[in-house]
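Below, each chain spelled out in residue letters.
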Amino acid sequence: MTRDWWKHLILILGALVVIAPFYMMLSYSLKSPGEIDRGEGGFFGRQEMMIDERCVALRDPNRDEVASAAKRFPGLTDREIRDALITEAEADCAMRPAVFNYTMAFTEAPLLRYLLNGVIVTVSIFVIQVLVALPAAYALAKLRFWGREAVFSLVLFCLLIPVHAIALPLYIMLAKLGLTNTYAALVVPWTISVFGIFLMRQFFMTVPDDLIDAARMDGMTEFSIVWRVMLPTAVPALLAFAIFSVVAHWNDYFWPRIVVTGSRELFTPPLGLREFKGDGDGSFFGPMMATATVIVCPLIVAFLLAQKRFIEGITLSGMK
Amino acid sequence: MAVTEIPVAAPAARSVEASQRRTGWFLTAPAITLMGLILLGPVLVALVLSFTDYALGNSGFNWVGLENYEKLFTRSTYEKMFVATFTYVVTVVPLSVGLGLGAALLITSVGRFRDLYKTIYFLPVMATLLAMAIAWEFMLHPTIGMVNRTIEMGCGTFLEAIWPFMAQGCEGGFPLWLGDQRYAIWVVCFVGIWQGFGFNMVLYLAGLTSVHRELYHAAEMDGARSAWERFRLVTWPALGPTTVFVVTISCIRAFQVFDTIEAFWPQGAGPNKSAYVMMFAIFEKGVQQNLIGIGSAITVVFLGFVMFLTLIQRWLVERKVHYG
Amino acid sequence: MADLHIDGVVKSFGETQVLKGISLDIRHGEFIALVGPSGCGKSTLLRIIAGLESQSAGDIVIAGRSVAGVRAADRNLSMVFQSYALYPHLSVADNIAVPLRMRTMGAVQRLPLVGRWMPGAAERNREIDAEVRKAASTLEIETLLDRKPGQLSGGQRQRVALGRALVRDPAAFLLDEPLSNLDAKLRVQTRGEIAELHRRLGATFIYVTHDQVEAMTMSSRIAVMMEGQILQCDAPDLVYEDPEDIRVAEFIGSPKINILPAELNGGSLRVLDRDIARLTRVADQPGIRLGLRPEALRLSGADSVLTGVVAHHENLGSEVFAQIEVPGLSERVVLRADPSARRRLGLGATVGLDFDIGDALLFDTSGKRLRPVIEAARAAHQVA
């Protein structure tokens, strides 16, 4: 420790730079606009009651309300009743900045909807990727058939093509089919994961042939071998691939930005955040950082809970 | 049918082969179809459209020959695009690989808190880049951002005397960062490095665990006295394959930079288009302005770069023969 | 002359002591085998000599100079590793040249590409090349010089590792189980070659192995280590014939020595309730043990000290080993016999075993060797 102090110093400085934006994001999501502007309040802010001006404005009493409230405030003038009502509204609209920021995040925009979309899209992508890649990988690894080498060369060639790079022609094709602004548009380009095929094939190559021959002797069809023998043996590789796939598509911004325009119903979390930023002004820093925190959190929390698996899953792409 | 043609000698063997052939094709058919439709098809479409003036909504198009490519290599907008893209790639790749390697070496060499450092450095890899780009935008806010506030603390101290940047800043205000053409692309590079080096670090950590410990002892016995000599003799050669992979994947990722730039400058890709990278150009020209011909030409050039890089990587990997 | 002294070396990992005060004097040109079961600390001792680990107490003296605090690179020792530890990216020639380059060329001269243009580098490179060729020809691996380690067989890699060790002139060669990764046949062959190499070079060899056959066949002295201590360090035949400790007797020799429980009462040695000899100058004690090598036993009549039933036999052609179940003994007694005795050793046959008390090794309760004067063999028996 004493000999290594300079190493720790460098590592800690690096860690501070890495953590800084996370710290700020979380801290701003808890603070009031005033505290953000003035840069005070430490990490949590003072959490003094603040009044939501818009909430008060919404409850600005009109003539009828003043009249109907007259019974509750006998002997007061209309003006005094009005002031009393506003004070009441202000009391109702007062809340802690942290509560305010997170409430705004969920009420100003359909954040829950975005999160749900995120889940729908990432899960569908992963499931379809497995349905397509697993049988192909099995066939490429374990079946002898004419043309297998050609198919595998095709896979190797397709590994050269990043889907983001061909976004434009894909967008045109989907537009021609009238599929933009649908879930299909978000999912379809990712249904084929050449990387997944390659990864599974490499994994299946290590599975002994005897296991498959035994299954055949037991009278299983090739189809049930894929799903009832190969799938369970491939669970570790699949888990790693799942992490790889989910992280990539939960965080993806470029593709949804291209094919989803206008309709909030289809927004994925990053798109939602982007829109939030687009129409917010300075006073919305708090709610916006709250939104960002909510979007970033699921993966970060999952990562912190299962670090080993995540790092394995992500580095798996390095084992090509 | 095929069954009747089978010679009597080996009916069982033949039928097994035939059924394997059928299942083989049957199981790979969905993947092959999708590869054709989703990956190869669009590459051809882009190639074809790059020679046309097609626009979505038009019923037809005209062949324009190499006009789109000519624009690409003559107009100043696209010159800016290439400059910005290469500046980004040439900055981010070496630095994120170097920092990844450095962090991995430091982390393996310290005794304590290894896992803590590893976890922290990996956080940006997991986080939604768009959200973190917005967070960085706040950090870099000229007046209320954490970065300038932190630097301001140095005003009035000795730092002002020894660091011209500090003196200037305290005098006339600190940089606008995102609003300043001189800094814009470098800020984007910084965020790219910030986000990517943890990934490289993890790959290097994996690479380091596979270096045989006895090799270090052998190097010591052979007279490699300094840590640097042992690194040159054992570590660096052993990390060769990892380095090739890390550099390639960092390159491909760097070419695809988009989220940060869109988050910082939704309209113009930086002051005076100083961060107008290829992906942003494809998005702006092809999708927003419906100039599909030129967008496709950029796509084709882009694919050319990426494929070239990957082919170099494969060639390097296949050349190396090591034992475990 | 590069004598090597190990002086009271102690090594502890936290609470556990893996080396409990080892002392050993090695003369120049000796071939010392450190032998013992796994975990006895022999590899740790070798690594401490090498300077790859530091001792908790004690000292190592090489050629009259204490090397405490001197790092491995500066101790002028060569080491052959169990995994050979060849640099996978370097050719065989470059692998062998590494120790010379590291020691005799400056950092600048070793730089890739530019280094060779530095003053003196070309000449140095030629000298190194010549020395590499010399080492390669000694080991008959000249034809492999351009290959990478990945293209070599296990035996070839082993030779390259040896070449890298002998290309310079070290004070001693340290070998850490260098044969354990070879197949049985190659192991026997290489064994002979290493012994011959030692004779030719006349250098000091310190050889760590868990295989007592390797130790017996190659070394000038064997140091038998157990539980962090050297139990005995002597020439191979002495260690075999005259072990100081029952654990040494049990470890060296294959098949294992037979151990019979015995007691000493009034100067009379009793085995299986029979007096077999009178001993003097030894105090009476109950739990002594009698060690008998399989070749010390011979077949005899029914009225012998040991009588039992043949439970298993192995015919190796030139000799026969039989395992005999003797009532009253927990372990089978192993007998080495001439193939001509094969007929008498059929499974289930009852045989009597006899021995000369002079061939028996006596150990006291704690396992230390007893060296009594034997007055009369079978005295009690004959009197009765």
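- An unreviewed UniProt entry annotates chain B as Carbohydrate ABC transporter membrane protein 1, CUT1 family of Roseovarius litoreus.
- Word for word, the UniProt comment on chain B under Subcellular location (unreviewed entry) is "Cell membrane".
- Taken from UniProt, the Sequence similarities (unreviewed entry) comment for chain B reads in full: "Belongs to the binding-protein-dependent transport system permease family."

- The name an unreviewed UniProt entry gives chain A is Carbohydrate ABC transporter membrane protein 2, CUT1 family, with Roseovarius litoreus as the organism.
- As its UniProt record puts it under Sequence similarities (unreviewed entry), chain A is described as follows: "Belongs to the binding-protein-dependent transport system permease family."
- Taken verbatim from the UniProt record of chain A, the Subcellular location (unreviewed entry) comment is "Cell membrane".

Regarding empty space enclosed by the protein
Residues and elements named next belong to chain A.
Here is step 1 of the chain: Taken as a whole and assessed by the stated rule, the structure comprises 4 cavities of 30 Å³ or more.
Here is step 2 of the chain: If you add up the space inside the second largest cavity, you get close to 70 Å³.
Here is step 3 of the chain: In this structure, the second largest cavity is lined by Val-121, Ile-125, Leu-186, Trp-190, His-249, Asp-252, Trp-255, Pro-256 and Thr-268.
Here is step 4 of the chain: Among the secondary structure elements, those contributing two or more residues to the lining of the second largest cavity are α7 (111-142) and α15 (254-259).

Here's the deal with the interface of chain B and chain C
Reports of interface size often rely on the accessible area that becomes lost once the parts have come together.
Here is step 1 of the chain: Contacts between chain B and chain C engage 20 residues on the former and 33 residues on the latter.
Here is step 2 of the chain: Buried surface at the junction of chain B and chain C, both sides included, amounts to about 2,400 Å², of which 58% is carbon and sulfur.
Here is step 3 of the chain: Joining chain B to chain C, the criterion identifies 3 salt bridges.
Here is step 4 of the chain: Notably, a salt bridge pairs B:Glu220 with C:Arg71, separated by 3.0 Å at the nearest N-O pair.
Here is step 5 of the chain: For the pair chain B and chain C, the interface holds 9 residue pairs in polar contact (both at pLDDT 80 or more).
Here is step 6 of the chain: Class assignment for the residues of the side of chain B that touches chain C results in 9 nonpolar, 4 polar and 7 charged.

So, the packing of aromatic side chains
Here is step 1 of the chain: Counted according to the given criterion, the structure contains 36 aromatic pairs over all chains.
Here is step 2 of the chain: Ring plane angle 40° and centroid distance 5.3 Å describe the contact between A:Phe303 and B:Phe122, whose orientation is recorded as tilted. With A:Phe303 in helix α17 (residues 285-305) and B:Phe122 in helix α5 (residues 114-126), the pair connects residues from two separate chains.
Here is step 3 of the chain: The buried category is assigned to B:Phe122, whose relative accessible area is 0%.
Here is step 4 of the chain: Chaining the aromatic ring pairs together yields one cluster made of A:Tyr253, A:Phe254, B:Phe258, B:Tyr276, B:Phe280 and B:Phe283.

Some remarks on the pattern of salt bridges
Here is step 1 of the chain: Counted by the stated rule, this structure contains 32 salt bridges over all chains.
Here is step 2 of the chain: Notably, a salt bridge pairs A:Arg216 with A:Asp213, separated by 3.3 Å at the nearest N-O pair. With A:Arg216 and A:Asp213 both in helix α12 (residues 209-217) and 3 residues apart, the pair spans about one turn of that helix.
Here is step 3 of the chain: Between C:Asp242 and C:Arg371 there is a salt bridge whose closest N-O contact spans 2.7 Å. In this pair, C:Asp242 is assigned in the loop between α7 (236-241) and α8 (246-251) and C:Arg371 in the loop between β21 (369-370) and β22 (373-377), connecting sequence segments 129 residues apart.
Here is step 4 of the chain: The exposure class assigned to C:Asp242 is partly exposed, which follows from its relative accessible area of 25%.

Re the nonpolar core
A general feature of soluble globular proteins is that nonpolar side chains tend to end up buried together.
Here is step 1 of the chain: Counting 205 residues, the largest nonpolar core has A:Phe204, B:Leu39, B:Leu72 and B:Tyr121 as its most contacted members.
Here is step 2 of the chain: Leaving out residues up to four positions away in the same chain, B:Tyr121 has contacts with A:Ile10, A:Leu11, A:Gly14, A:Ala15, A:Val18, B:Ala103, B:Ile107, B:Phe197, B:Gly198 and B:Met201.
Here is step 3 of the chain: Core analysis: the next-biggest nonpolar cluster, separate from the first, contains 47 residues, B:Ala219, C:Ile6, C:Ala172 and C:Leu174 among them.

As for the packing of helix α14 (residues 235-251) of chain A against α17(A)
Residue and element names in this part refer to chain A.
Here is step 1 of the chain: Put simply, α14 and α17 touch, their axes get as near as 11 Å, and they point 175° apart. In terms of axis orientation, α14 runs roughly antiparallel to α17. Residues Val-246, Val-247, Trp-250 and Asn-251 of α14 pack against Ile-295, Pro-298 and Leu-299 of α17.

Some details on the domain arrangement of chain B
Here is step 1 of the chain: Taken domain by domain, chain B comprises domain 1 (1-39) and domain 2 (67-140 + 177-318).
Here is step 2 of the chain: Here domain 1 of chain B and domain 2 of chain B have C-alpha centroids that lie 44 Å from each other.

Here we look at the arrangement of the chains
Here is step 1 of the chain: Sorting the 2 pairs of chains in contact by contact count puts chains A and B at the top.
Here is step 2 of the chain: Here chain A and chain C are not in contact; the least distance found between their C-alpha atoms is 17 Å.

Observations regarding the UniProt feature "transmembrane region" (unreviewed entry) in chain A
All names here are of chain A.
Here is step 1 of the chain: Here the UniProt feature "transmembrane region" (unreviewed entry) sits at residues 9-30, 114-138, 150-171, 183-204, 225-250 and 284-306.
Here is step 2 of the chain: Each end of residues 114-138 is marked by a C-alpha atom, and these two atoms are 36 Å apart; helix forms 100% of the span and strand 0%.
Here is step 3 of the chain: The straight-line gap between the two end C-alpha atoms of residues 183-204 is 32 Å; of that span, 73% is helix and 0% is strand.

Re the domain arrangement of chain A
Residue and element names in this part refer to chain A.
Here is step 1 of the chain: For chain A, the domain assignment lists domain 1 (36-107) and domain 2 (111-316).
Here is step 2 of the chain: Averaged C-alpha coordinates put domain 1 and domain 2 at centres separated by 46 Å.
Here is step 3 of the chain: Tallying the contact residues gives 8 residues for domain 1 and 12 residues for domain 2.
Here is step 4 of the chain: For the pair domain 1 and domain 2, the summed buried area comes to about 800 Å², and 78% of that belongs to carbon and sulfur atoms.
Here is step 5 of the chain: Considering only the surface of domain 1 that becomes buried against domain 2, Tyr-102, Ala-105 and Phe-106 emerge as the three largest contributors, covering 56% of it.
Here is step 6 of the chain: On the surface where domain 1 and domain 2 come into contact, there are 0 salt bridges.
Here is step 7 of the chain: Linking domain 1 with domain 2 are 0 residue pairs in polar contact (both at pLDDT 80 or more), by the criterion used here.
Here is step 8 of the chain: Along the lines of polarity and charge, the residues of the side of domain 1 that touches domain 2 split into 6 nonpolar, 1 polar and 1 charged.

A word on the UniProt feature "domain: ABC transmembrane type-1" (unreviewed entry) in chain B
Here is step 1 of the chain: Mapped onto the present numbering, the UniProt feature "domain: ABC transmembrane type-1" (unreviewed entry) falls at residues 82-313 of chain B.
Here is step 2 of the chain: Here residues 82-313 of chain B runs as 76% helix and 0% strand, with 22 Å between its end C-alpha atoms.

A few points about the interface of chain A and chain B
Here is step 1 of the chain: The interface of chain A with chain B comprises 95 residues on the first partner and 89 residues on the second.
Here is step 2 of the chain: Both sides together, the interface formed by chain A and chain B hides about 8,200 Å², and carbon and sulfur atoms give 79% of it.
Here is step 3 of the chain: When the buried area of chain A at its contact with chain B is split by residue, A:Leu11, A:Leu160 and A:Leu168 rank highest and sum to 9% of it.
Here is step 4 of the chain: Seen at the junction of chain A and chain B, the total is 2 salt bridges.
Here is step 5 of the chain: Between A:Arg274 and B:Glu262 there is a salt bridge, and its shortest N-O distance comes to 2.9 Å.
Here is step 6 of the chain: Across the contact surface, chain A and chain B share 17 residue pairs in polar contact (both at pLDDT 80 or more).

With respect to helix α12 (residues 227-238) of chain B
Here is step 1 of the chain: Between the first and last C-alpha of α12(B) there are 15 Å, a value that for 12 residues agrees with the 16 Å anticipated at 1.5 Å per step.
Here is step 2 of the chain: Buried within α12(B) are the following residues: B:Glu229, B:Arg230, B:Phe231, B:Leu233, B:Val234, B:Thr235 and B:Pro237.
Here is step 3 of the chain: Buried residues along α12(B) sit against α4 (76-109), α10 (181-209), α11 (213-221) and α13 (240-255) of chain B together with α2 (92-104) of chain C.

Quick word on a nonpolar patch on the surface
Residue and element names in this part refer to chain A.
Here is step 1 of the chain: Taken together, the side chains of Trp-5, Trp-6, Leu-9, Ile-10, Ile-12, Leu-13 and Leu-16 define a hydrophobic patch exposed on the protein surface, amounting to about 750 Å² of accessible area.
Here is step 2 of the chain: With respect to the secondary-structure elements, Ile-12 resides in helix α1 (residues 5-28).
Here is step 3 of the chain: On the accessibility criterion, Ile-12 (43% relative accessible area) is partly exposed.

Cut-off values and rules
- Residues numbered from 1 in each chain as written.
- Chains lettered and ligands numbered in written order.
- Predicted model: local features only at pLDDT ≥ 70, side-chain atom pairs only at ≥ 80, totals over all residues.
- Heavy atoms only, no water.
- UniProt positions renumbered as here; feature names shortened; annotations may be inferred.
- 1 Å grid on protein atoms, 1.4 Å probe; cavity = no way out; pocket = protein on both sides within 12 Å on 5 of 7 lines; lining within 4 Å.
- Points joined across faces, edges and corners; volume = space filled by probe spheres on them.
- Helix = DSSP H or I, 4+ residues; strand = E, 2+ residues; numbered from the N terminus.
- Contact = heavy atoms within 4.5 Å.
- Buried area = accessible area lost by both parts, 1.4 Å probe.
- Salt bridge = Lys/Arg side-chain N within 4 Å of Asp/Glu carboxyl O.
- Polar contact = N/O pair within 3.5 Å; in protein donor to acceptor, adjacent residues only side chain to side chain.
- Nonpolar A, V, L, I, M, F, W, Y, C, P; charged D, E, K, R; others polar.
- Phe/Tyr/Trp six-rings, centres within 6.5 Å; stacked < 30°, edge-to-face > 60°.
- Buried < 20%, exposed > 50% of the residue type's maximum accessible area, 1.4 Å probe, protein only.
- Core = buried A, V, L, I, M, F, W, Y, C linked by side-chain atoms within 4.5 Å.
- Axes fitted to C-alpha atoms, helices over the stretch in contact; angles between N-to-C directions.
- Parallel < 35°, antiparallel > 145°, perpendicular 65-115°, else oblique.
- Domains from an automatic or database assignment.
- Expected span 1.5 Å × (residues − 1).
- Patch = residues over 30% accessible without salt bridge, like charges linked within 9 Å, V, L, I, M, F, W, Y side chains within 5 Å.
- Areas by Shrake-Rupley, 256 points an atom, 1.4 Å probe, with all protein chains shown as cover.

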